[in-house]
Amino acid sequence: MLAVASMAVVVAFCISAVYTQYQPTWDSLNSRPLPKWYDQSKFGVMLHWGVYSVPSFHSEWFWSYWKTDNASDIAEFMEKNYPPGFEYPDFAPMFNAELFDPNAWAELLHKSGAKYVVFTSKHHEGFTNWPSKYSWNWNSIDDGPHRDLVGDLATAVRKYTDIHFGLYYSLFAWYHPLFLQDKSNEFKTKDYVTEVMRPQLHEIVETYRPEVIWADGYGGAYDDYWGSTEFLAWLYNSSPVKDVVVVNDRWGHGDLCKNGGFFTCHDHYNPGVVQKFKWEDATTIQKGSWGYQRNTNINGYFTTDELVDLLVTVVRNPFPSANGSLAN
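Residues numbered from 1 in each chain as written. Predicted model: local features only at pLDDT ≥ 70, side-chain atom pairs only at ≥ 80, totals over all residues. Heavy atoms only, no water.

K.L.:
Can you help me understand helix H4 (residues 72–81) in this one?
P.N.:
Structurally, the α-helix is built with 3.6 residues per turn, so residues lying three or four positions apart point the same way. Residues of H4 that are buried include every one of Ile74, Phe77 and Met78, and no others. All buried residues of H4 project into a common sector of 95° when viewed along the axis, lining one side. In H4, those exposed residues whose orientation departs by more than 90 degrees from the buried face are Ser72, Glu76, Glu79 and Lys80. Considering only its buried residues, H4 is in contact with helix H3 (62–67). (Buried < 20%, exposed > 50% of the residue type's maximum accessible area, 1.4 Å probe, protein only. Helix = DSSP H or I, 4+ residues; strand = E, 2+ residues; numbered from the N terminus. Arc of directions from axis to C-beta. Contact = heavy atoms within 4.5 Å.)

This is the structure:
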C-alpha cells in the first residue's frame, strides 16, 4: 500500500513540542505542530501482513467476510481447499514467514524512495506481529513464525536506511471476547480497552519507538470509549517518542478528517486541491486488497502510470522562488 503525504498549508510555530504540555482534549492535541520530518516526507509505504496472508483470498477482511458476512465465495473457497471444521485460527501455524528477510525488505524500501514505512503490528483479526503479553497464544512468537516480526523489521530499517519506522495498529479485534462484551454493553464498559488495547499501545511505543502510529478499526465506538485523548496526551507529553511521533485521525467514530495529527479522511482520499491541514492519501497498489491476494491477476493492480500519476498529483504544488528554483 502506498501512503502519500500531501503538500498542505501549514502554520509554522516556533515553540517546540518539548515545552508544551498537552491536555487530553482535542483542542489541545490538535494544536500540536507536526514534527518537521513528516512535513518533509512526501512518500511512504504501508505493509499489511498477518494471518490473512495465508489464505490470501479476497482481502485482509477474510475472517469477517467469512464468519460475519457469510460471503459465498469464501465459503466455497474453504470447502474446496480445507477440511470440514477448519477455522480461521487454524491458519496461524501456516503463517511461518520462512522466507522473511528483514534486511532485504529494508533494502527494497530504501530503493523505492520511501521516506517512511508503516508496518502492521496488529490488524482487525487481533493477531500481533510482536510477542504481546496481552495476546497470549495469538502472536508471532507463540504461533506462526515464532519470531518478533515488528522488532526484526524495525531493527533492519534503522540499521540499513534513514527511513522513519512506523506502526499500524487496529484498536479493536473482531472476535475478542472482551471487545464483544463491551460492544454488547453499548461500550459502557471498557474491559477490552483497559486490559488489551491500551497495554498493547504502550507495549509497541515503549518497545519499538515508532515515529508513526497509524490507528484504525474503531468498531463503531467513539473515542471516549477508546480513551484516545488520554493516550495521545501521554504520547505527546511523556512517551519516548513524544518529540518525533505523528498520528492519523482514526481514533474513534466521528474523528475522521477532524481530529489527529494528519488526516486520512477515508481510504484513497485525494481532495485534488490544497487543504488547510496536513493529509495523507492512503491507497493500495492492488485494487481489491491492502494485503497479498493470490486470486487476482494483472488487471487487479493499478498500473505503474496510474501510481506515478497519483504520486505526482498528491505531492505536486512547487513554489518557484525569485531566483528560479523550486522551493518544494
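K.L.:
So what exactly am I meant to see when it comes to the pattern of salt bridges here?
P.N.:
Close approach of charged atoms allows side chains of opposite charge to pair. All chains considered together, the criterion is met by six salt bridges. Across the pair lysine 188 and glutamate 186 runs a salt bridge, and its minimum N-O distance is 3.6 Å. Each member of the pair, lysine 188 as well as glutamate 186, is classed as exposed. (Salt bridge = Lys/Arg side-chain N within 4 Å of Asp/Glu carboxyl O.)

K.L.:
Help me understand the pairing of strand S5 (residues 212–216) in this model?
P.N.:
Looking along a regular strand, one sees the side chains alternate between the two faces of the sheet. Most of S5 is tucked away: five of the five residues are buried. In S5, alternate side chains face the same way, and those of Val212, Trp214 and Asp216 on one face and Ile213 and Ala215 on the other are all buried. Pairing analysis gives five bridges linking strand S4 (residues 164–170) to S5, with the strands arranged parallel. Bridge assignment links tyrosine 169 to a residue of S5, and that residue is alanine 215. Looking at chain direction, S5 and strand S6 (residues 246–247) are connected through two bridges and run parallel. From the neighbouring strand, valine 212 faces S6, where its bridge partner is valine 246. (Pairing = 2+ DSSP bridges.)

K.L.:
Explanation requested: the packing of aromatic side chains in the structure shown.
P.N.:
When we look at a pair of aromatic rings, we describe it by the centre distance and by the angle of the planes. Inspection of every chain in the model, using the stated rule, returns 39 aromatic pairs. For the pair tryptophan 49 and phenylalanine 95, a centre-to-centre distance of 5.3 Å together with 90° between the ring planes defines the contact as edge-to-face. With tryptophan 49 in the loop between strand S2 (43–47) and H3 and phenylalanine 95 in the loop between H4 and helix H5 (102–112), this residue pair connects regions lying 46 residues apart in the sequence. Take tryptophan 49: its relative accessible area is 14%, and that puts it in the buried class. Residue classification places phenylalanine 95 among the buried positions, given a relative accessible area of 3%. Judged by centre distance (6.3 Å) and plane angle (65°), the ring pair of tryptophan 63 and tryptophan 138 falls under edge-to-face. You can see tryptophan 63 sitting in helix H3 and its partner tryptophan 138 sitting in the loop between strand S3 (116–122) and helix H6 (149–160), a full 75 residues away along the chain. The two residues tryptophan 63 and tryptophan 138 agree in class, both being buried. The ring centre of tryptophan 66 lies 4.1 Å from the NZ or CZ of lysine 67, which sits over that ring. Over the ring of tyrosine 169 we find lysine 122; its NZ or CZ atom is 4.7 Å from the centre of that ring. (Phe/Tyr/Trp six-rings, centres within 6.5 Å; stacked < 30°, edge-to-face > 60°. Lys NZ or Arg CZ within 6 Å of the ring centre and 35° of its normal.)

K.L.:
What is the right way to read the environment of glutamate 280 from this model?
P.N.:
Within the fold, glutamate 280 resides in strand S7 (residues 280–283). On the accessibility criterion, glutamate 280 (0% relative accessible area) is buried. Sequence separation between glutamate 280 and phenylalanine 263 is 17 residues; the distance between their C-alpha atoms is 6.2 Å.

K.L.:
I'm lost on the pairing of S2 in this one. Help?
P.N.:
Of all five residues in S2, four are buried, a share of seventy percent or more. Relative to S3, S2 runs parallel, the two sharing four bridges. The residue of S3 that forms the bridge with methionine 46 is valine 118.

K.L.:
So what exactly am I meant to see when it comes to the nonpolar core here?
P.N.:
One broad trend across soluble globular proteins is that nonpolar side chains are buried collectively. By size, the foremost hydrophobic cluster in this structure holds 74 residues, and its most contacted members are Trp226, Leu235 and Trp251. The element contributing the most residues to this core is helix H8 (residues 191–208), with eight residues. With sequence-adjacent residues up to four places away left out, tryptophan 251 is seen in contact with Trp26, Leu171, Leu201, Ile213, Ala215, Asp223, Trp226, Ser228, Phe231 and Leu232. Among the nonpolar cores identified, the runner-up in size contains 11 residues, and Met46, Tyr116, Tyr168 and Val246 belong to it. (Core = buried A, V, L, I, M, F, W, Y, C linked by side-chain atoms within 4.5 Å.)

K.L.:
Explain the environment of alanine 92 here, please?
P.N.:
Its place among the elements puts alanine 92 in the loop between H4 and H5. Discounting residues that sit within four places of it in the chain, alanine 92 has contacts with Val51, Phe127, Trp138, Asp143 and Gly144.

K.L.:
I tried to follow the side chain of histidine 164 on my own but got confused; where do I start?
P.N.:
Position of histidine 164 relative to the elements: it lies in strand S4. What makes histidine 164 buried here is its relative accessible area of 18%. Excluding its chain neighbours within four sequence positions, the residues that come into contact with histidine 164 are Trp37, Ser41, Lys115, Tyr116, Val117 and Glu211.

K.L.:
Looking at this structure, I do not really get unusual backbone geometry. What am I missing?
P.N.:
It is generally the case that most residues other than glycine have a negative phi and that most peptide bonds are trans. In the Ramachandran plot, alanine 97 falls in the positive-phi region, its phi being about 50° despite a non-glycine side chain. Relative to the helices and strands, alanine 97 resides in the loop between H4 and H5. Phi at glutamate 186 is positive, roughly 60°, even though this residue is not glycine. Along the polypeptide, glutamate 186 turns up in the loop between helix H7 (177–184) and H8.

K.L.:
So what exactly am I meant to see when it comes to the packing of H5 against H6 here?
P.N.:
Interhelical geometry of H5 versus H6 gives an angle of 50° and a closest axis separation of 8 Å. Between H5 and H6, the interaxial angle falls into the category oblique. Crossing geometry of H5 relative to H6 is assigned as right-handed. The segment H5 lies against H6, with Pro102, Asn103, Trp105, Ala106 and Leu109 engaging Asp152, Leu153, Ala156, Val157 and Tyr160. Classifying every residue of the contact of H5 with H6 by side-chain character gives eight nonpolar, one polar and one charged. (Axes fitted to C-alpha atoms, helices over the stretch in contact; angles between N-to-C directions. Parallel < 35°, antiparallel > 145°, perpendicular 65-115°, else oblique. Left-handed = near helix turned anticlockwise from the far one by under 90°. Nonpolar A, V, L, I, M, F, W, Y, C, P; charged D, E, K, R; others polar.)

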